[in-house]
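Chain and residue survey
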Amino acid sequence: MKKTVLLLLVFACFSCEKPTQKKWEMFYGYTSGDIVGEYVNSGADDAFSDLTEGNECHLCTDAQVGISALSGGSISFHILCSDHNNFEKSFSGKPALGENAFLISLYGNMTNLKRYGVSAKVLKNAENAVRLEGFVAEDHYEREYNSATHTYDTLFSYSVKYYFDVVKE
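In what follows, the accompanying structure is described. These figures come from a predicted structure and were not determined experimentally.

Digging into the pairing of strand β5 (residues 75-81)
Side-chain alternation along β5 places Ile-75, Phe-77, Ile-79 and Cys-81 on a buried face and Ser-76, His-78 and Leu-80 on a face that remains uncovered. Both strand β4 (residues 64-69) and β5 contribute to a ladder of 6 bridges, which runs antiparallel. Bridge pairing in β5 links Ser-68 to Ser-76. Count of turn residues in the β4/β5 antiparallel hairpin: 5 residues, of which Gly-72 carries a positive phi of about 70°.

Details of the pattern of salt bridges
Within this structure, the stated rule accounts for 4 salt bridges. With its nearest N and O atoms 3.0 Å apart, the salt bridge here joins Glu-133 to Lys-121. Of this pair, Glu-133 sits in strand β9 (residues 130-146) while Lys-121 sits in strand β8 (residues 114-124), and the two are 12 residues apart along the sequence. Overall, the relative accessible area of 21% leaves Glu-133 in the partly exposed class.

Cut-offs used in this document
- Residues numbered from 1 in each chain as written.
- Predicted model: local features only at pLDDT ≥ 70, side-chain atom pairs only at ≥ 80, totals over all residues.
- Heavy atoms only, no water.
- Buried < 20%, exposed > 50% of the residue type's maximum accessible area, 1.4 Å probe, protein only.
- Helix = DSSP H or I, 4+ residues; strand = E, 2+ residues; numbered from the N terminus.
- Pairing = 2+ DSSP bridges.
- Salt bridge = Lys/Arg side-chain N within 4 Å of Asp/Glu carboxyl O.

Right, dumping it as C-alpha coordinates:
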(Lines give C-alpha, C1' and ligand atoms only; values in the text may rest on other atoms or scores of the structure.)
Protein backbone atom coordinates (compact mmCIF):
# COMPACT_ATOMS: atom_id res chain seq x y z
CA MET A 1 0.00 0.00 0.00
CA LYS A 2 2.80 2.39 0.94
CA LYS A 3 4.55 1.66 -2.35
CA THR A 4 1.37 2.36 -4.31
CA VAL A 5 0.81 5.69 -2.56
CA LEU A 6 4.45 6.62 -3.07
CA LEU A 7 4.24 5.72 -6.76
CA LEU A 8 1.08 7.78 -7.16
CA LEU A 9 2.74 10.78 -5.48
CA VAL A 10 5.82 10.51 -7.70
CA PHE A 11 3.63 10.14 -10.78
CA ALA A 12 1.50 13.15 -9.76
CA CYS A 13 4.58 15.32 -9.27
CA PHE A 14 5.93 14.58 -12.73
CA SER A 15 2.68 14.44 -14.62
CA CYS A 16 1.30 17.80 -13.50
CA GLU A 17 1.73 20.34 -16.20
CA LYS A 18 3.58 23.33 -14.84
CA PRO A 19 2.70 26.73 -16.23
CA THR A 20 5.18 27.73 -18.86
CA GLN A 21 6.69 31.14 -18.57
CA LYS A 22 6.85 33.22 -21.72
CA LYS A 23 10.43 33.15 -22.93
CA TRP A 24 11.54 36.25 -24.77
CA GLU A 25 14.26 36.04 -27.40
CA MET A 26 15.98 38.60 -29.61
CA PHE A 27 13.89 39.21 -32.72
CA TYR A 28 16.56 39.22 -35.44
CA GLY A 29 15.52 40.50 -38.85
CA TYR A 30 12.26 42.10 -37.73
CA THR A 31 10.50 44.35 -40.26
CA SER A 32 8.75 47.66 -39.77
CA GLY A 33 5.47 45.76 -40.03
CA ASP A 34 6.47 43.55 -37.10
CA ILE A 35 7.02 46.48 -34.73
CA VAL A 36 4.37 48.99 -35.83
CA GLY A 37 1.70 49.42 -33.18
CA GLU A 38 0.91 50.64 -29.67
CA TYR A 39 2.83 49.40 -26.65
CA VAL A 40 2.10 49.38 -22.90
CA ASN A 41 3.95 48.19 -19.80
CA SER A 42 5.06 44.58 -20.26
CA GLY A 43 4.40 43.54 -16.68
CA ALA A 44 7.36 41.17 -17.00
CA ASP A 45 8.90 39.91 -13.78
CA ASP A 46 12.39 40.76 -15.02
CA ALA A 47 11.52 44.31 -16.18
CA PHE A 48 13.94 46.80 -14.62
CA SER A 49 15.46 44.01 -12.49
CA ASP A 50 19.04 45.28 -12.78
CA LEU A 51 18.20 48.98 -12.45
CA THR A 52 17.91 51.38 -9.53
CA GLU A 53 16.01 54.66 -9.83
CA GLY A 54 18.21 57.75 -9.38
CA ASN A 55 19.09 61.16 -10.79
CA GLU A 56 20.44 59.70 -14.02
CA CYS A 57 18.24 56.59 -14.16
CA HIS A 58 14.46 56.89 -14.45
CA LEU A 59 12.22 53.82 -14.59
CA CYS A 60 9.21 54.54 -16.79
CA THR A 61 6.89 51.86 -15.48
CA ASP A 62 3.92 53.47 -17.21
CA ALA A 63 5.64 54.11 -20.56
CA GLN A 64 3.45 54.27 -23.64
CA VAL A 65 5.16 53.74 -26.99
CA GLY A 66 3.71 54.18 -30.44
CA ILE A 67 5.48 53.12 -33.61
CA SER A 68 4.20 53.95 -37.08
CA ALA A 69 5.61 53.14 -40.50
CA LEU A 70 7.07 55.82 -42.76
CA SER A 71 8.29 55.47 -46.33
CA GLY A 72 11.44 53.58 -47.27
CA GLY A 73 11.50 51.26 -44.25
CA SER A 74 11.70 54.14 -41.78
CA ILE A 75 9.59 54.42 -38.66
CA SER A 76 8.33 57.06 -36.28
CA PHE A 77 8.91 56.15 -32.63
CA HIS A 78 7.03 58.09 -29.94
CA ILE A 79 7.36 57.59 -26.17
CA LEU A 80 5.48 59.12 -23.25
CA CYS A 81 6.51 58.58 -19.60
CA SER A 82 3.80 60.31 -17.61
CA ASP A 83 5.28 59.23 -14.28
CA HIS A 84 8.36 61.38 -15.00
CA ASN A 85 6.89 64.86 -15.56
CA ASN A 86 5.29 63.72 -18.81
CA PHE A 87 8.67 63.10 -20.45
CA GLU A 88 7.87 62.75 -24.13
CA LYS A 89 10.07 62.33 -27.21
CA SER A 90 9.70 61.34 -30.84
CA PHE A 91 12.29 59.92 -33.22
CA SER A 92 12.25 58.88 -36.85
CA GLY A 93 14.56 56.92 -39.12
CA LYS A 94 15.55 53.40 -40.11
CA PRO A 95 15.52 51.28 -36.97
CA ALA A 96 17.87 48.32 -37.61
CA LEU A 97 21.64 48.49 -37.78
CA GLY A 98 23.12 45.67 -39.91
CA GLU A 99 24.60 43.04 -37.59
CA ASN A 100 22.48 44.38 -34.72
CA ALA A 101 19.27 43.54 -36.55
CA PHE A 102 17.39 43.08 -33.25
CA LEU A 103 17.81 46.72 -32.15
CA ILE A 104 15.96 49.94 -32.65
CA SER A 105 18.53 52.73 -32.55
CA LEU A 106 17.48 56.27 -33.46
CA TYR A 107 19.01 59.65 -32.56
CA GLY A 108 17.96 63.25 -32.96
CA ASN A 109 19.99 66.38 -33.61
CA MET A 110 21.94 68.16 -30.90
CA THR A 111 20.28 71.32 -29.60
CA ASN A 112 21.38 73.43 -26.63
CA LEU A 113 24.18 70.96 -25.94
CA LYS A 114 21.69 68.08 -25.51
CA ARG A 115 21.08 65.12 -27.77
CA TYR A 116 18.32 62.52 -27.40
CA GLY A 117 18.35 58.97 -28.68
CA VAL A 118 16.40 55.77 -28.25
CA SER A 119 17.88 52.31 -28.06
CA ALA A 120 15.70 49.23 -27.62
CA LYS A 121 16.03 45.49 -27.99
CA VAL A 122 13.18 43.97 -30.01
CA LEU A 123 12.10 40.70 -28.42
CA LYS A 124 9.60 38.04 -29.47
CA ASN A 125 8.12 35.01 -27.70
CA ALA A 126 6.62 31.72 -28.92
CA GLU A 127 3.19 33.38 -29.27
CA ASN A 128 4.77 35.99 -31.62
CA ALA A 129 4.14 38.80 -29.14
CA VAL A 130 6.58 41.71 -29.50
CA ARG A 131 8.32 43.37 -26.55
CA LEU A 132 10.62 46.39 -26.49
CA GLU A 133 13.18 46.70 -23.72
CA GLY A 134 15.32 49.84 -23.75
CA PHE A 135 15.83 53.49 -22.89
CA VAL A 136 15.78 57.03 -24.15
CA ALA A 137 19.10 58.75 -23.49
CA GLU A 138 19.29 62.47 -22.78
CA ASP A 139 22.99 63.11 -23.44
CA HIS A 140 24.46 66.34 -22.10
CA TYR A 141 27.55 68.01 -23.56
CA GLU A 142 29.69 70.98 -22.65
CA ARG A 143 31.92 73.26 -24.67
CA GLU A 144 35.52 73.71 -23.69
CA TYR A 145 38.01 76.10 -25.22
CA ASN A 146 41.10 74.37 -26.63
CA SER A 147 43.96 76.88 -26.31
CA ALA A 148 46.26 74.80 -28.53
CA THR A 149 43.90 74.90 -31.53
CA HIS A 150 42.05 78.12 -30.57
CA THR A 151 38.73 76.37 -31.08
CA TYR A 152 35.94 75.07 -28.91
CA ASP A 153 35.56 71.34 -28.39
CA THR A 154 32.21 69.76 -27.61
CA LEU A 155 32.69 67.12 -24.93
CA PHE A 156 30.29 64.57 -23.51
CA SER A 157 29.40 65.42 -19.90
CA TYR A 158 26.74 62.95 -18.66
CA SER A 159 23.62 61.07 -19.67
CA VAL A 160 20.16 60.72 -18.12
CA LYS A 161 18.31 57.58 -19.18
CA TYR A 162 14.57 56.90 -19.20
CA TYR A 163 14.11 53.10 -19.19
CA PHE A 164 11.03 51.34 -20.55
CA ASP A 165 9.84 47.76 -20.92
CA VAL A 166 6.73 47.51 -23.07
CA VAL A 167 4.73 44.93 -24.98
CA LYS A 168 2.70 45.41 -28.17
CA GLU A 169 -1.08 45.48 -27.59
